[in-house]
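Each chain, letter by letter, is given below.
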Amino acid sequence: MTLGPTFFDRPAEAVAPELIGATLLVDRVGGVLVEVEAYDQADPASHSFKGPTPRNAAMFGPPGHAYVYKIYGIHWCLNFVCQPGSAVLIRALEPLHGIDHMHRRRGSVAERQLCSGPGKLCQALGIDSRQNALPLDAAPFSLTQADAVQDVATGPRIGITKGVDTAWRFVRRGSPFLSRPLA
DNA sequence: AGCTTGATTGCCT
DNA sequence: GGCAATCAAGCTA
């Protein structure tokens, strides 16, 4: 079943664990989500913490849309917008579809390193600012619910300096496709 | 208009 | 484990 606005119109920390095991495709390229992180407006680590700006406008737009931004001047990161000011950062997926396309964009790396990190995932799926604010239930996106209950583990989020103690990183336990093992 | 920083990655030792 | 790459948002002035 396709995940749409109703699914995302909830707090990000409630949506995030249910995204583990879901299948994400962009132009027919993608796989199963194995690692995500939740951010909301009360969270000092969130882009939305200080309110709406031109950059984070999509985070305050309708639920179920994409929020794409560039970090460190180099990499793109993909988020799914939940309730206003909250979103889920997509950090890693298990490649299943269009793996040849991914290799063309990422070069000759091991399959487990194709999408093992937010920047790598965006490169492999061809995501950049063009996808910002687009709805997730329409082309080029395809997002479908997990077909089985997932073994989800939680831990501290990665790469942030504030809000470190909030355990809003969600991973599929034991997956070899994570950006890093669970701490 | 100039300065700092970052939800990262890959290459170096 | 350390660190450079590279750029725009968000400050300060």
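Heads up: the structure comes first, above all this text.
Calculation rules
Residues numbered from 1 in each chain as written. Chains lettered and ligands numbered in written order. Predicted model: local features only at pLDDT ≥ 70, side-chain atom pairs only at ≥ 80, totals over all residues. Heavy atoms only, no water. Near = heavy atom within 4 Å. Polar contact = N/O pair within 3.5 Å; in protein donor to acceptor, adjacent residues only side chain to side chain. Helix = DSSP H or I, 4+ residues; strand = E, 2+ residues; numbered from the N terminus. Nonpolar A, V, L, I, M, F, W, Y, C, P; charged D, E, K, R; others polar. Buried < 20%, exposed > 50% of the residue type's maximum accessible area, 1.4 Å probe, protein only. Pairing = 2+ DSSP bridges.

Draft legend 1. Here's a closer look at the protein's contact with DNA strand B. Surrounding DNA strand B, one finds 20 residues, the nearest of these being Tyr69, Asn79, Gly117, Lys120 and Gly159. Near the protein, meaning within 4 Å, the atoms of DNA strand B are sugar or phosphate in a fraction of 53%, with bases accounting for the rest. Between DNA strand B and His47, the relevant distance is 3.4 Å, taken from a base nitrogen to a main-chain nitrogen or oxygen of the residue. At 2.8 Å from a base nitrogen of DNA strand B is found a side-chain nitrogen or oxygen belonging to Tyr69. Listed by contribution, the elements that provide at least two residues to the surface near DNA strand B are strand 3 (66–71), strand 4 (75–81), strand 5 (87–97) and helix 4 (118–125). Per element, the largest residue contribution to the surface near DNA strand B is three residues, and it comes from helix 4. Along the lines of polarity and charge, the residues of the surface near DNA strand B split into ten nonpolar, seven polar and three charged.

Draft legend 2. Quick look at the protein's contact with DNA strand C. Around DNA strand C, the neighbouring residues are Lys50, Thr53, Pro54, Arg55, Tyr72, Gly73 and Ile74. Take Thr53: an N or O atom from its side chain is 2.5 Å from a phosphate oxygen of DNA strand C. Residue Tyr72 places a main-chain N or O atom 2.5 Å away from a base oxygen belonging to DNA strand C. Tallied by class, the residues present in the surface near DNA strand C amount to three nonpolar, two polar and two charged.

Draft legend 3. Structural view of the pairing of strand 2 (residues 29–39). Taking burial as the measure, the eleven residues of strand 2 include eleven buried ones, the bulk of the element. Alignment of strand 1 (residues 23–26) against strand 2, held across four bridges, turns out to be antiparallel. Counted as the bridge partner of Val26 is Val29 from strand 2. Taking the residues between adjacent antiparallel strands as the criterion, strand 1 and strand 2 are bridged by two residues, where Asp27 takes a positive phi near 50°. Two strands pair when backbone bridges link them, and strand 2 and strand 5 are joined in this way by nine bridges, in the antiparallel orientation. Note on strand 5: the bridge partner recorded for Tyr39 is Ala87. Pairing geometry for strand 2 and strand 8 (residues 169–172), over three bridges, is antiparallel.

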